[in-house]
Amino acid sequence: MSKSKTDVGRRNFLKCATFAGAAALATPAAAKVSAPETRASMKAAPPGPQLAAVETMPPVKDPVSQQTSGGDFMVDVMKSLDIEYLSMNCASSFRGLHEAVLNHGGNKKPEILTCPHEEIAVHMAQGYAKIENKPMAMICHGVVGLQHATMAMYNAWCDRVPVIVMGGNIIEANKRGPGAEWVHAAIDPGAIVRDFVKWDDQPTSLQHFAESAVRAYKVAMTPPMAPVMLSLDAELQENPIADAESLRIPKLSRFNPPQGDAGALTELARMLVAAENPVIIVDRVVRSPQGLANMVELAETLQCAVLDNGGRMNFPSRHPLNQSYRRGIIGQADVIVAMEVNELWGSLNAFSDRIVRTSRPSYRKGAKIVTLGGRDLLLKSNYQDFGRYQDNVELAIAGDAETSLPFLIEQVKKLIDPARKSAYEARGKKLAAARTAMVEQAKSDATIGWDASPITVARMCAEVYAQIKDEDWSLVGTTIRLSWPQKLWDQKKTYHWNGGSGGAGIGYNLPASIGAALANKKHGRLTVAFGGDGDFMFVPSALWTAAHHKIPLLYVIQNNRAYHQEYMYLQAMAARHGRGISNTEVGITITNPNVDYATVARGFGVHGEGPITDPNDLAPALKRALAAVKSGQPALVDVVTDPR
Ligand SMILES: Cc1ncc(C[n+]2csc(CCOP(=O)(O)OP(=O)(O)O)c2C)c(N)n1
Ligand SMILES: [Mg+2]
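Cut-offs applied
- Residues numbered from 1 in each chain as written.
- Chains lettered and ligands numbered in written order.
- Predicted model: local features only at pLDDT ≥ 70, side-chain atom pairs only at ≥ 80, totals over all residues.
- Heavy atoms only, no water.
- Helix = DSSP H or I, 4+ residues; strand = E, 2+ residues; numbered from the N terminus.
- Rg over C-alpha atoms; globule rule 2.2 N^0.38 Å.
- Buried < 20%, exposed > 50% of the residue type's maximum accessible area, 1.4 Å probe, protein only.
- Contact = heavy atoms within 4.5 Å.
- Areas by Shrake-Rupley, 256 points an atom, 1.4 Å probe, with all protein chains shown as cover.
- Lys, Arg positive; Asp, Glu negative; His and termini not counted.
- Charge placed at Lys NZ, Arg CZ, Asp CG, Glu CD.
- Expected span 1.5 Å × (residues − 1).
- Donors = N, O, S within 2.8 Å, 3.2 Å for Na, K, Ca; no water.
- Salt bridge = Lys/Arg side-chain N within 4 Å of Asp/Glu carboxyl O.
- Pairing = 2+ DSSP bridges.
- Axes fitted to C-alpha atoms, helices over the stretch in contact; angles between N-to-C directions.
- Near = heavy atom within 4 Å.
- Polar contact = N/O pair within 3.5 Å; in protein donor to acceptor, adjacent residues only side chain to side chain.

Glancing now at the overall build of the protein. Tallying secondary structure elements over the protein gives 21 helices and 20 strands in all. In summary, the protein has a C-alpha radius of gyration of 27 Å against a globular reference of 26 Å for 644 residues, a match within 12%. Seen through its C-alpha atoms, the protein measures out along the principal axes to roughly 85 × 60 × 50 Å. Residue burial in the protein is summarised as follows: out of 644 residues, 55% are buried. Within the protein, contacts between residues separated by at least 24 positions form 81% of all contacts whose residues are at least 6 apart in sequence. For the protein, the exposed surface amounts to about 27600 Å²; the carbon and sulfur share of it is 54%. Taken as two groups, the 68 positive and 64 negative side-chain charges of the protein have centres that lie 3 Å from each other.

Right, here's the structure in full:
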């Protein structure tokens, strides 16, 4: 059989098969990518390193006689779930699926994103999901690829983000080739990530795969959301489909996030309405424009303070009730409601580790504390991302906060009488005035050292905002201590901010920003992110992925030439031990040599500007970079900043 005939035969096979359910939607797209060489036409590779798996015998049968592969069916399942992208670093353990995505699926839904590191692939999916509100998939190579993926999966877990992680494996020992196929196989690959995924499975048949993939999607997307993991047997991907007629892709059910108990929400409404100074703390509440509008409606109805911890874009930054940078207000509250706050204790207590580790409550004695969210519905034992147990919680309502808002608002409105309304108005006015004072102070603080070199972080942020504020912008990353955009930018849409890493694992910012930019691209938004130099150094090759896939993004490096957060800790340690701080640059600064990030960027095919040391050079550099971004390219601007 000639190659072309075989291709047609094979690619039409599934079209003709009588799959029920969603398979009917998944008509294989015409293969537009060039087909890889068949094994027969390949030249034998010279013996490689001892771990490479090499065939030492000719294939028993001519492989071109195979007309279907399990991978084709797996692609149909992914199409039925409308999965847009599959990020990966290529590998033999999923060569069957990889080939099927290209030649059966036409490299569309999912489209492959080539990533130089599995951590990049997962973080891209994390950033994407927080803009697009749905998961994309990543796949990694056996145990080694999964080992690289783990920290990013942990970040996504802590950040409550759905990511569909898949990994290749060869289950049957008698089928594994010598070398890599043994050292990269495991009997239970999911074991390494089971503490920070919501669910995992290793399907042993194609029908099992279909059911588990649809279940994985549903489980990941049902709040509290989290990553899931599927281990895919290589044989299952590569072998012909034996029983096409019996295969079925299950329908993805509509799923409803859990609303908190009506009685408990009514009780909360009563507490809020009766309170003198209620405070609402929000972290990962808002996913949709309606959710944002509901948050505003609740706060305005009560004229109460909102503290946004910034895990998502929960509340407009310029709203008069936004008191996020007035944390002292917790001490005045008689009712505190924490919504989707993963680590409550950290929000309600002041902590210092500089001399000895000490803490004290920030809330006043007798304050009623209520939680609303999914924290108690999803936690595991080993990793301690849930934080210290918070004493004095009066009522813990298990349920999705965004979903619970409409009912809570309704109950609050029912209870408010005219006398209360006027008291609320007075309260709101006071809060607005205090907020204006905070903003004026921030504006004045921002001018300190305005013309200094290295450039102040406040000036850097102001210059960037001046360039983007009239665009449909989306800020998708900042360094840990960079609060100027939250204080001074006009953030009012869900995509004006998408939160941080979740697990504070460094190496998140660049690839997650690229993933978010990918999601923003089809909406025509201008994506901008700031990232630390230390963060960048973990995953610089993510820039190549952005260039290769033409993902427009303005990435500004806040280059303080140090792992500065750790610098401060080390200096505090040396001071505490009375040994002076002269030695504390070792292991902390990123100098000698200084990294030329713009040149690094250009090396990866990305527009590069900098290093910028004179603040007056910033605006022209940003303009040039933005011109590149608007032409559809990523651009990097290296800004040498002071440490603040
Ligand atoms: C994977 C990982 N390694 C190390 C750390 C410890 N750490 C916390 S902040 C930080 C410095 C990050 O440097 P940079 O991105 O330049 O930000 P800066 O502190 O300079 O503002 C490091 C190394 C971490 N959080 N995660
Ligand atoms: Mg730094």
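Here the narrative resumes.
All right, on to helix α13 (residues 418-446) then. Helix length check: α13, at 29 residues, gives a terminal C-alpha distance of 42 Å against a target of 42 Å (1.5 Å per residue), a fit within 8%. On the buried face of α13, the contacting elements are α9 (262-274), β9 (278-282), α10 (289-302), β10 (305-308), α14 (457-468) and α15 (484-488).

Taken together, the protein donors to the magnesium ion (ligand 2) comprise D533 (OD), N560 (OD1) and A562 (O), at separations of 2.0 to 2.1 Å. In primary sequence terms, the donor set of the magnesium ion (ligand 2) follows D-x26-N-x1-A. An identical accessibility class is assigned to N560 and A562; each is buried.

Tallied over the full model, the rule gives 25 salt bridges. With a shortest N-O distance of 2.8 Å, R284 and D159 are connected by a salt bridge. Of this pair, R284 sits in the loop between β9 and α10 while D159 sits in the loop between α5 (142-158) and β5 (164-169), and the two are 125 residues apart along the sequence. As far as the burial class goes, R284 and D159 line up, both buried. Where salt bridges share partners, they join K130, D159, D283, R284 and R312 into one cluster.

We now examine the sheet that holds strand β20 (residues 634-640). Strand order in the open sheet made by the five strands is β16-β17-β18-β20-β19, with parallel pairing throughout. Unpaired on one side and paired on the other, β16 (473-475) and β19 (607-612) mark the two borders of the sheet. The average angle at which neighbouring strand axes cross in this sheet is 15 degrees, direction not considered. Direction of pairing for β16 relative to strand β17 (residues 526-532): parallel, over a ladder of three bridges. Paired with L475 across the strands is V528, a residue of β17.

Before going further, it helps to examine the site of ligand 1. In the vicinity of ligand 1 there are 17 residues, among which A504, D533, G534, H564 and Q565 approach most closely. D533 has a polar side-chain atom sitting 2.6 Å from an oxygen atom of ligand 1. A distance of 2.9 Å separates an oxygen atom of ligand 1 from a polar backbone atom of D535. Contact with the protein chains removes 79% of the 580 Å² of surface that ligand 1 exposes when unbound. If one sorts the elements of the shell around ligand 1 by residue count, helix α17 (residues 533-538) sits on top with four residues.

This brings us to the sheet that holds strand β15 (residues 393-398). Pairing in this open sheet of five strands is parallel, and the strands run β10-β9-β11-β14-β15 from one edge to the other. Whereas interior strands pair on both sides, the edge strands pair on one side only; in this sheet they are β10 and β15. Between one strand axis and the next, the sheet turns by 15 degrees as a mean value, whatever way the strands run. Pairing analysis gives five bridges linking strand β11 (residues 335-339) to strand β14 (residues 368-373), with the strands arranged parallel. The residue of β14 that forms the bridge with M339 is L372. Helix-sheet contacts for α10 involve β9, β10 and β11, and the interaxial angle to β9 is about 165 degrees.

Let us now look at the pairing of β11. Within a regular beta strand, the side chains point alternately toward one face of the sheet and then the other, so they alternate between its two faces. Most of β11 sits out of view: five of its five residues are buried. A two-sided burial pattern is seen for β11, the buried positions comprising V335, V337 and M339 on one face and I336 and A338 on the other. Relative to β11, β9 runs parallel, the two sharing five bridges. Bridge assignment links I280 to a residue of β11, and that residue is V337.

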